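Report on the structure
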Amino acid sequence: GFYVAGDGRVNPTDATMAMAKGARQYGVTLLEGQEVLSVTTTNTLETGALSKVTGATVKNKKDPERPITIHSPVVVNCAGMWARQFGEMAGVVVPNQAAEHYYLITEDMDGLDPKWPVLEDPSKCIYIRPEGRGLLVGFFEWEGASWNTGEIPKTFSFGQIEPDWDRMEPYLEKAMERLVPEVHNVGLKTFFCGPESFTPDNSPCVGQAPNLQNYYVAAGLNSIGILTGGGIGKTLANWIQQGLPPSDIDVTGINVDRFHSYQANYEYRKQRVSESLGNTYRLLYPGYQPKTCRGVKKSALHDRLADKNAYFHDVSGWESPGWYAPTPSEAVFGKGTFGRPEYFAHWEAEHRACRENVALFDMSFMSKFLVQGYDAGKFLNHLSTANVDGPSSTIVYTQWLNENGFLEADLTVTKLSEDVFLVIATDTMHNHVSAHMTSRLSRDWHCTVTDVTARYAQINLQGPNSRALLQTITSRDLMKDFEYRRVEEIDIGLARAICTRITYVGELGYELFIPSEHAVYVYDKIVAAGEEFGLKHAGLKALGSLRLEKGYRDYGHDIDNTDTIHDAGLSFTCNFEKEGGFIGMVHALQAKANAKKYGGVTRRMANVKVPLRATDPLLYHGEILHRNEEPISDIRMGSYGHTVNGGVGLTMLQSKSGEPIKKDYIQSASWELEIADKMYPCEVSLSPFYDPKNTRIKL
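The following refers to the structure shown. (Residues numbered from 1 in each chain as written. Predicted model: local features only at pLDDT ≥ 70, side-chain atom pairs only at ≥ 80, totals over all residues. Heavy atoms only, no water.)

**Some words on the nonpolar core**
With 53 residues, the main nonpolar core has Leu625, Leu653, Trp671, Leu673 and Val684 as its most contacted residues. Sequence-distant contacts of Trp671, defined by excluding residues within four places in its chain, comprise Leu625, His626, Arg627, Ile632, Leu653, Tyr665, Ile666, Tyr680, Pro681, Cys682 and Val684. Judged by nonpolar contacts, the second largest core, of 41 residues, contains Ala386, Leu548, Cys574 and Ala588. (Core = buried A, V, L, I, M, F, W, Y, C linked by side-chain atoms within 4.5 Å. Buried < 20%, exposed > 50% of the residue type's maximum accessible area, 1.4 Å probe, protein only. Contact = heavy atoms within 4.5 Å.)

**Some remarks on the packing of aromatic side chains**
Under the counting rule described, the total for this entry stands at 21 aromatic pairs. With a centroid separation of 5.6 Å and an interplanar angle of 65 degrees, the aromatic rings of Phe344 and Tyr640 are classed as edge-to-face. Taken together, the residues span a long stretch of sequence, with Phe344 in helix H7 (residues 344-356) and Tyr640 in strand S29 (residues 630-641) at a distance of 296 residues. Look at Tyr640 and you get buried, because its relative accessible area is 8%. Of the aromatic side chains, those joined through ring pairs into one cluster are Tyr102, Phe139, Trp165 and Phe191. Above the face of the Tyr640 ring, Arg340 is positioned so that its terminal group lies 5.1 Å from the ring centre. In this structure, Arg355 packs its charged tip against the face of Tyr690, placed 3.8 Å from the ring centre. (Phe/Tyr/Trp six-rings, centres within 6.5 Å; stacked < 30°, edge-to-face > 60°. Helix = DSSP H or I, 4+ residues; strand = E, 2+ residues; numbered from the N terminus. Lys NZ or Arg CZ within 6 Å of the ring centre and 35° of its normal.)

**Describing a negative patch on the surface**
A cluster of acidic residues, Glu107, Asp108, Asp110 and Glu182, forms a negative patch on the protein surface. Position of Asp108 relative to the elements: it lies in the loop between strand S6 (97-106) and strand S7 (119-121). (Patch = residues over 30% accessible without salt bridge, like charges linked within 9 Å, V, L, I, M, F, W, Y side chains within 5 Å. Areas by Shrake-Rupley, 256 points an atom, 1.4 Å probe, with all protein chains shown as cover. Salt bridge = Lys/Arg side-chain N within 4 Å of Asp/Glu carboxyl O. Lys, Arg positive; Asp, Glu negative; His and termini not counted. Charge placed at Lys NZ, Arg CZ, Asp CG, Glu CD.)

**Describing the environment of Ala306**
Tracing the backbone through its elements, the reader meets Ala306 in helix H6 (residues 302-307). The class for Ala306 is partly exposed, based on a relative accessible area of 33%. Each C-alpha atom, one on Ala306 and one on Thr106, is 53 Å from the other, the two residues being 200 residues apart in sequence.

**Some remarks on unusual backbone geometry**
A positive phi angle, near 65 degrees, is found at Asn202, a position not held by glycine. Positive phi is not limited to glycine here, since Asp677 has a value of about 70 degrees. In this fold, Asp677 is placed in the loop between strand S31 (671-675) and strand S32 (678-681). Residue classification places Asp677 among the exposed positions, given a relative accessible area of 73%.

**Remarks on the pattern of salt bridges**
Scanning the entire structure with this criterion turns up 31 salt bridges. Between Arg258 and Asp201 there is a salt bridge, and its shortest N-O distance comes to 2.8 Å. Within this pair, whereas Arg258 is found in the loop between helix H4 (225-242) and helix H5 (266-279), its partner Asp201 is found in the loop between strand S10 (188-198) and strand S11 (205-208), the two being separated by 57 residues in sequence. The partner of Glu489 in a salt bridge is Arg496, with the nearest N and O atoms 3.3 Å apart. Via salt bridges that share partners, Asp560, Asp563, Asp567, Arg603 and Arg636 belong to a single interconnected network.

Following this line, the structure appears as structure tokens:
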């Protein structure tokens, strides 16, 4: 087991009563034992495209036929394992599910000190701590049991569940082996089974609902609510006060808007909660993929890619190739490791094929929104730092900021025609990007937003031979007036596709958006033509290593809501001269003025490269970067750069001295990266390590 010095214990009842007392002192009214019947909303010209909370109705104990309405501009769903059911009243998705959780308490033990620390032994799924004059032993299971998947009884309160002794006996035996010898001389006072709720990914549900303004959630705390409640309460309080995500903590991994409605399905919750509970103490190696609830979302190309021996990752529910194996028997994860995985050679071959020849990526999981109307360009320009309402048939890389000037989205906007635009964002930010648009869309604007993610398959052809390959299957002359960022609908055999010359890997390349009904046909044409060129299929592992060699960002991984556009090194996307400006521009202008006044910024994203031997662990996330032997930041996202021959990653530097982060700041210092308790000399650069002058993408 292991001991965490910062662990402590608190009586949940006492803590709750203390907070209630404090709330009353500030004038808060607490209604206990009160059933909420509904959440009231309004939808008017003033609320925009999304409805807004106006309060709630509660049961009138004196006259049940006449509910009481409580008027409030904000509703917070912190209903614990009832959060899903309460959310459904307002159409808000909170897919947590209760599961059985066990613990036992021994009889009194001589010599027990109540100050003994909490000990955890993940290998046996147990934790141990003093409880009164005995020991409490809590159990998790490798495969948990869902409880009342259909509906949690409204009247259930501090109740117990009939324990399944047969299922728990192996865990109990292992626990007894682990306990101090004295335990074997005392009896058991309590063997308790009660419900605890878990989310599909074991992370909390926090924040504003993407489909209902001023409806907030603080639920799904996965059995550690008493530990995380204080921080989550502070985060949500700031969120409510500002109406925007707080800028002092990355909320992209806990934001309730990451979930989709199907994840609240009965069958989904029943299957996934078993795995979620088991993952509480399971060692999850890099690359781990969930086992349950798979095959829910498949691209039109799925079967074709399976025939190519793809090993599929769960990508926001989509089945997407992580990498490809030479034979079906090799398309397995293999033994978990923090070093080079068993599929390292396959990943390297895909990476090099993209750099040296041509590779095919299925990117159908990307979020796609069609924005149309006479005011569509004006609306999107209002959201975007770049000018996205320029010439038609052009794709523009841009950022979206919030009203406080912090990053909200990293995406592209394609102007297909004067009043038709295509917005492409990462899969994990699907609902976030949708909500960012709809919550700011006024009803008096002639503009609609339509989710077309499933309407189009997306095939990316990338690499120096991508143009030559694509040219063999289209009549459009790709050498004539098809410059970088050009967009056209082209013919591919008997089908049509939106063809965009753009890249996310740093090579000459094209992204094809193909109507789903034509996707397999177009794919087959590409693969047949690709035989002449040695076309190679590539997955997400290669995509990650390629883009990190180039220093390309990914919102929710290496940039998030705590960053400004100058922090992220993306101020080049800002067009301060365009008519109407953009949301957050006043803050971006102030940051620009400050950088000029002080000679630079003191917080800046940088690229990191570290030489690694075959036996060394790889970069993944969270490795500590040291400047002149002092910790300065950590790796936000890492991979292995097969072209630059070393680990590559992105980090957010924070100058402790206030010295501007410029070339001198980088070059005058010694840099080391701490990986698995070992220090490795490394390079740090504000420019990418691969093709910093962008010559490859403009071939």
